[in-house]
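# Results of the structural survey
So you can see what is in the structure, the chains are spelled out below.
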Amino acid sequence: QSAPLGMSVAKLEEKFRTVVCRHWLRGLCMKGENCEFLHQYDTERMPLCRWGTKCTIPDCPYRHVAEDDKPQCVFYQQGFCIHGLHCKYRHLKLSADKRPRIADFSLGIAQKGRGLNDDGVARATPNENYKVALCKHYLMGNCPYGDECHFAHGEHELRRRGQRY
């Protein structure tokens with residue numbers, strides 16, 4: 001069994017199918033049986049909501065955790081997180097004397113170029129599903145991905161499924 005770049009097989013086995021797949025919830029997971037996330041509705045195993053307790057989406061299925069209850073970002077603890085404001089973990093500023101003298105950014109560097117732009121924000125990789133559905137966050141007035149979003153921001157951006165970008 002092989003693990004994704006930057007993750008050991010032991011780490012994959014530890015986390016394998018412990019969290020519901022975000023894409024499966026929306027009927028968009030293309031990995032099927034090869035997906036490392038859970039493909040069954042389980043309220044105890046839902047992924048975290050990006051907005052936590054500030055979420056305004058009615059009937060949001062994700063878990064809503066207060067900022068103070070989120071786990072700390074290991075990259076930010078070492079001095080830098082490539083995800084910036086889009087990171088799902090808590091960024092707690094540590095004084096220089098509490099940060100490690102030698103930081104291990106190998107996982108973060110391994111992720112660079114794997115769907116992230118120079119700012120560490122997910123970039124859209126056009127495929128047959130690119131912009132085939134309206135973005136629910138845009139419709140609510142606040143899409144965190146902006147121009148990098150894979151979903152259409154208005155009818156004028158909608159495409160037919162299977163149409164190449």
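One structure accompanies this document, and this report is about it. Since the structure is predicted, the reported quantities are computational estimates derived from the model, not experimental observations.

## Comments concerning the overall build of the chain
Within the chain, the regular secondary structure consists of five helices and zero strands. Along the chain, from the amino end to the carboxyl end, the secondary structure elements read α-α-α-α-α. Out of the 165 residues belonging to the chain, those deemed buried represent 25%. Across the chain, every contact between residues at least 6 apart in sequence was considered, and the portion connecting residues at least 24 apart equals 40%. By element, 51% of the accessible surface of the chain is carried by carbon and sulfur atoms, the whole surface being about 11,600 Å².

## Let's talk about the state of the cysteines
In this structure the tally under the stated criterion is zero disulfides. Here Cys 29 stays unpaired: no disulfide links it, and the sulfur of Cys 21, its closest cysteine neighbor, is 3.8 Å away. With a relative accessible area of 22%, Cys 29 lands in the partly exposed category. Free cysteine: Cys 49, not disulfide-bonded; nearest cysteine sulfur from Cys 55 at 3.7 Å. With a relative accessible area of 4%, Cys 49 lands in the buried category.

## Comments concerning the pattern of salt bridges
Within this structure, the stated rule accounts for three salt bridges. When the shortest N-O distance is used, the salt bridge between Arg 45 and Asp 42 registers 3.6 Å. For Asp 42, a relative accessible area of 19% puts it in the buried group.

## What about unusual backbone geometry?
Notably, Arg 17 is not glycine yet its phi reads approximately 55°, a positive angle. As for its placement among the helices and strands, Arg 17 is situated in the loop between helix 1 (9-15) and helix 2 (22-25). One non-glycine residue, Asp 59, lies in the positive phi region at around 55°. Turning to its location among the elements, Asp 59 is positioned in the loop between helix 2 and helix 3 (74-78). Exposure remark for Asp 59: the relative accessible area of 78% places this residue in the exposed category.

## Side note on a positive patch on the surface
A cluster of like positive charges, contributed by Lys 15, Arg 26, Arg 50, Lys 88 and Lys 136, occupies part of the molecular surface. Locating Lys 15 in the fold gives a position in helix 1.

## Quick look at the environment of Pro 71
Tracing the chain through its elements places Pro 71 in the loop between helix 2 and helix 3. Along the primary structure Pro 71 and Tyr 89 are separated by 18 residues, whereas in three dimensions their C-alpha atoms are 5.7 Å apart. Look past the residues within four positions of Pro 71 in its chain and what remains in contact with it is Tyr 89 and Arg 90.

## Quick notes on the side chain of His 153
Looking at the secondary structure, you find His 153 in the segment after helix 5 (136-139). Looking at His 153, the relative accessible area reads 10%, which means it is buried.

## Remarks on the packing of aromatic side chains
One pass over the full model with this rule turns up zero aromatic pairs. A cation over an aromatic ring shows up here: Arg 22 above the ring of Tyr 62, its NZ or CZ 4.7 Å from the ring centre.

## Structural notes on the environment of Leu 28
Along the chain, Leu 28 turns up in the loop between helix 2 and helix 3. Setting aside its immediate chain neighbours within four residues, Leu 28 contacts His 23 and Phe 151.

Cut-off values and rules
- Residues numbered from 1 in each chain as written.
- Predicted model: local features only at pLDDT ≥ 70, side-chain atom pairs only at ≥ 80, totals over all residues.
- Heavy atoms only, no water.
- Helix = DSSP H or I, 4+ residues; strand = E, 2+ residues; numbered from the N terminus.
- Buried < 20%, exposed > 50% of the residue type's maximum accessible area, 1.4 Å probe, protein only.
- Contact = heavy atoms within 4.5 Å.
- Areas by Shrake-Rupley, 256 points an atom, 1.4 Å probe, with all protein chains shown as cover.
- Disulfide = S-S within 2.5 Å.
- Salt bridge = Lys/Arg side-chain N within 4 Å of Asp/Glu carboxyl O.
- Patch = residues over 30% accessible without salt bridge, like charges linked within 9 Å, V, L, I, M, F, W, Y side chains within 5 Å.
- Lys, Arg positive; Asp, Glu negative; His and termini not counted.
- Charge placed at Lys NZ, Arg CZ, Asp CG, Glu CD.
- Phe/Tyr/Trp six-rings, centres within 6.5 Å; stacked < 30°, edge-to-face > 60°.
- Lys NZ or Arg CZ within 6 Å of the ring centre and 35° of its normal.

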